[in-house]
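Chain by chain, the residues:
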Amino acid sequence: MFKKIDHIGIAVKNLEEALQFYEEILGLKSTKIEIVEDQKIKVALLPLGESKLELIQAIDPDSPIAKFIEVRGEGIQHIALRVNNIEKKLKSLDEKGVRLIDRVPRYGAGGARIAFLHPKSTFNVLLELCEKEE
Ligand code: ZN
């Protein structure tokens, strides 16, 4: 069961510069900057109502975010959908023939368990499933 849009992931070249815009100009408030070693990124989450914006900067040229920016430039990189039971959801999507990038959830920012679906199956939108204790 999908619950809500958990966050929208935005790839940026420079997190501090992006935060200046989102915080000082737009007036959103960021949580502390977090490094996610597994994906070679640093992340700031900006809560906004039921959802968040997730600003993401690569900390290594091998990061998927660095590659994304190289090919497509800065901008919306993924949409994260909150689910109750990520294993069950992955299994059911797999059974329906959806291509999965992650068959097993991994840890993302804020201690969430996340898994990506392949854009080939989702009309070229990188969808993240995300499960988190509130
Ligand atoms: Zn995300």
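This text gives an overview of the structure that appears in the document. (Residues numbered from 1 in each chain as written. Predicted model: local features only at pLDDT ≥ 70, side-chain atom pairs only at ≥ 80, totals over all residues. Heavy atoms only, no water.)

**Overview of the overall build of the protein chain**
Rule in force here: Each helix is a run of DSSP H or I of at least 4 residues and each strand a run of E of at least 2, with the numbering of both proceeding from the N terminus. In this setup the radius of gyration rests on C-alpha atoms only. A globule is expected at 2.2 Å times the number of residues raised to 0.38. Here's how the labels work: a residue is buried when its accessible area is under 20% of the maximum for its type, exposed when over 50%, partly exposed in between, all with a 1.4 Å probe on protein chains only. Here a residue-residue contact requires only that any non-hydrogen atoms of the pair lie within 4.5 Å. Here the positive residues are Lys and Arg and the negative ones are Asp and Glu; neither His nor the chain ends is included. A single reference atom marks each charge: NZ on Lys, CZ on Arg, CG on Asp, CD on Glu.
Across its full length, the protein chain carries three helices and eight strands. If you list the helices and strands of the protein chain from N to C, you get β-α-β-β-β-α-β-α-β-β-β. For the protein chain, the C-alpha radius of gyration of 15 Å lies close to 14 Å, the compact-globule estimate for 134 residues. Its C-alpha atoms put the protein chain at 45 × 35 × 25 Å along the principal axes. Buried positions account for 45% of the 134 residues belonging to the protein chain. A separation threshold of at least 6 residues defines the contact pool for the protein chain, and within that pool the share at least 24 residues apart is 53%. Averaging the coordinates of the 21 positive side-chain charges in the protein chain and doing the same for the 22 negative ones gives two points 6 Å apart.

**Some remarks on the pairing of strand β5 (residues 75–83)**
As a reminder, the rule being used: Strands are labelled as partners when DSSP assigns at least two bridges between them.
Burial analysis of β5 places seven of its nine residues in the buried class, the great majority of the element. Alignment of β5 against strand β8 (residues 127–131), held across four bridges, turns out to be parallel. Bridged to R82 within β8 is C130.

**Section: the sheet that holds strand β2 (residues 34–36)**
Inclusion rule: Only the contacting stretch of a helix is used when fitting its axis, a line to C-alpha atoms as for every element, and angles between N-to-C directions run 0 to 180 degrees.
The strand order across the open sheet formed by eight strands is β2-β3-β4-β1-β5-β8-β7-β6, and the pairing between neighbours is mixed. Every other strand in the sheet has two partners, leaving β2 and β6 (106–107) as the edge strands with one partner each. Along the sheet, helix α1 (residues 15–25) makes contact with β1 (2–11), β3 (41–48) and β4 (51–58), crossing β3 at roughly 5°. Of the strands in this sheet, β1, β5, β7 (113–117) and β8 are in contact with helix α3 (residues 86–95), which crosses β7 at around 15°.

**A short note on the pairing of β4**
Of all eight residues that make up β4, seven are buried, and the element is covered over most of its length. As defined by bridge partners, β1 adjoins β4 across five bridges and the pair is classed as parallel. Looking at β4, one finds that H7 is bridged to K52. Strand direction decides the pairing type here: β3 and β4, joined by eight bridges, are antiparallel. For K42, the partnering residue across the bridge sits in β4 and is Q57.

**Some remarks on the environment of S121**
Position of S121 among the secondary structure elements: in the loop between β7 and β8. Discounting chain neighbours no more than four positions away, the residues touching S121 are G97, V98 and R99.

**Some points on the nonpolar core**
Note on soluble globular proteins: their nonpolar side chains tend to be buried together. Condition: Grouping buried Ala, Val, Leu, Ile, Met, Phe, Trp, Tyr and Cys residues that are joined through side-chain atoms within 4.5 Å yields what is termed a nonpolar core.
Core analysis: the largest hydrophobic core is formed by 12 residues, namely A11, V36, I41, V43, L45, I56, A58, I65, A66, F68, I69 and A109. Counting only elements with at least two residues in this core, the list comes to β3, β4 and α2 (64–72). Sorting elements by how many residues they give to this core places α2 first, with four residues. Every residue in contact with A66, bar those within four places of it in the chain, is listed here: A58, D60 and P61.

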